[in-house]
Amino acid sequence: MPLTPEQRRERAKQAVQASWERTEDPAARTKPARMAALQRFENEVDPDRTLPENVRSQRAQEAKRQYYSELGRRSAAARRARREAARAAG
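Before going into details, it helps to say that this report is about the structure given with it. Treat the numbers as computed from the prediction; the structure is a model and nothing was measured.

Thresholds applied
- Residues numbered from 1 in each chain as written.
- Predicted model: local features only at pLDDT ≥ 70, side-chain atom pairs only at ≥ 80, totals over all residues.
- Heavy atoms only, no water.
- Helix = DSSP H or I, 4+ residues; strand = E, 2+ residues; numbered from the N terminus.
- Contact = heavy atoms within 4.5 Å.
- Patch = residues over 30% accessible without salt bridge, like charges linked within 9 Å, V, L, I, M, F, W, Y side chains within 5 Å.
- Areas by Shrake-Rupley, 256 points an atom, 1.4 Å probe, with all protein chains shown as cover.
- Salt bridge = Lys/Arg side-chain N within 4 Å of Asp/Glu carboxyl O.
- Buried < 20%, exposed > 50% of the residue type's maximum accessible area, 1.4 Å probe, protein only.
- Axes fitted to C-alpha atoms, helices over the stretch in contact; angles between N-to-C directions.
- Parallel < 35°, antiparallel > 145°, perpendicular 65-115°, else oblique.
- Nonpolar A, V, L, I, M, F, W, Y, C, P; charged D, E, K, R; others polar.
- Lys, Arg positive; Asp, Glu negative; His and termini not counted.
- Charge placed at Lys NZ, Arg CZ, Asp CG, Glu CD.
- Phe/Tyr/Trp six-rings, centres within 6.5 Å; stacked < 30°, edge-to-face > 60°.
- Lys NZ or Arg CZ within 6 Å of the ring centre and 35° of its normal.
- Expected span 1.5 Å × (residues − 1).
- Bend = angle between axes of the 7 residues up to and from the residue.

Let's shift gears to the side chain of Arg56. Among the secondary structure elements, Arg56 is positioned in helix α3 (residues 53–89). Residues within four places of Arg56 in sequence aside, it is in contact with Glu42, Val45, Asp46, Arg49 and Leu51.

What follows deals with a nonpolar patch on the surface. Together, Tyr67, Tyr68 and Leu71 make up a nonpolar patch on the protein surface, roughly 280 Å² of accessible area in all. Examined against the element boundaries, Tyr68 turns out to sit in helix α3. On the basis of relative accessibility, which here comes to 45%, the residue Tyr68 falls in the partly exposed class.

So, on to the packing of helix α2 (residues 26–45) against α3. Look at α2 against α3: their axes get within 8 Å of each other, and the N-to-C directions meet at 110°. As summarised for this structure, α2 and α3 are arranged roughly perpendicular, according to the angle between their axes. Here α2 contributes Leu38, Arg40, Phe41, Glu42, Glu44 and Val45 to the contact with α3, which in turn contributes Glu53, Arg56, Ser57, Arg59, Ala60, Gln61, Ala63, Lys64 and Tyr67. Its residues assigned to classes, the contact of α2 with α3 shows 6 nonpolar, 2 polar and 7 charged.

This paragraph deals with a positive patch on the surface. Taken together, the side chains of Arg79, Arg80, Arg82, Arg83 and Arg87 make up a positively charged region of the molecular surface. Relative to the helices and strands, Arg79 is located in helix α3. We classify Arg79 as partly exposed; its relative accessible area is 40%.

Attention shifts here to the packing of aromatic side chains. Evaluated as defined, the whole model comprises 2 aromatic pairs. Between Tyr67 and Tyr68, the aromatic rings sit 5.0 Å apart at their centres with planes inclined by 85°, giving edge-to-face as the arrangement. Cluster of aromatic residues (ring-pair linked, three or more members): Phe41, Tyr67 and Tyr68. Over the face of the ring belonging to Tyr67 we find Arg40, whose NZ or CZ atom lies 4.6 Å from the ring centre.

A separate point is unusual backbone geometry. Positive phi values are uncommon outside glycine, yet Arg49 reaches one of about 55°. Assignment of secondary structure puts Arg49 in the loop between α2 and α3. Accessibility expressed as a relative area gives 32% for Arg49, which makes it partly exposed.

The subject of this paragraph is α2. The end-to-end C-alpha separation of α2 is 29 Å, in line with the 28 Å expected for 20 residues at 1.5 Å each. The largest bend in α2 comes to about 40°, at Pro32.

As far as function goes, none of this settles anything; it's purely spatial.
This is how it looks when you write it as structure tokens:
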């Protein structure tokens, strides 16, 4: 019998939890993803690698902060719009 979408989500969630439970060093496991994300911001602020390393790193950190700040702003706006739509409908 096929699983419902909810059952598939629940099984996937349990598999992820079990995987993290067996992970001895979570920071090491996520390091490649964190480094790739930082690389993305470094490429954005200095694609030709003309800046000194410390300046590029500082600018990349600022670009990262700005990106996540904008993401938070958009998320809040979406939540506000959903709330207002629910109020208008109900």
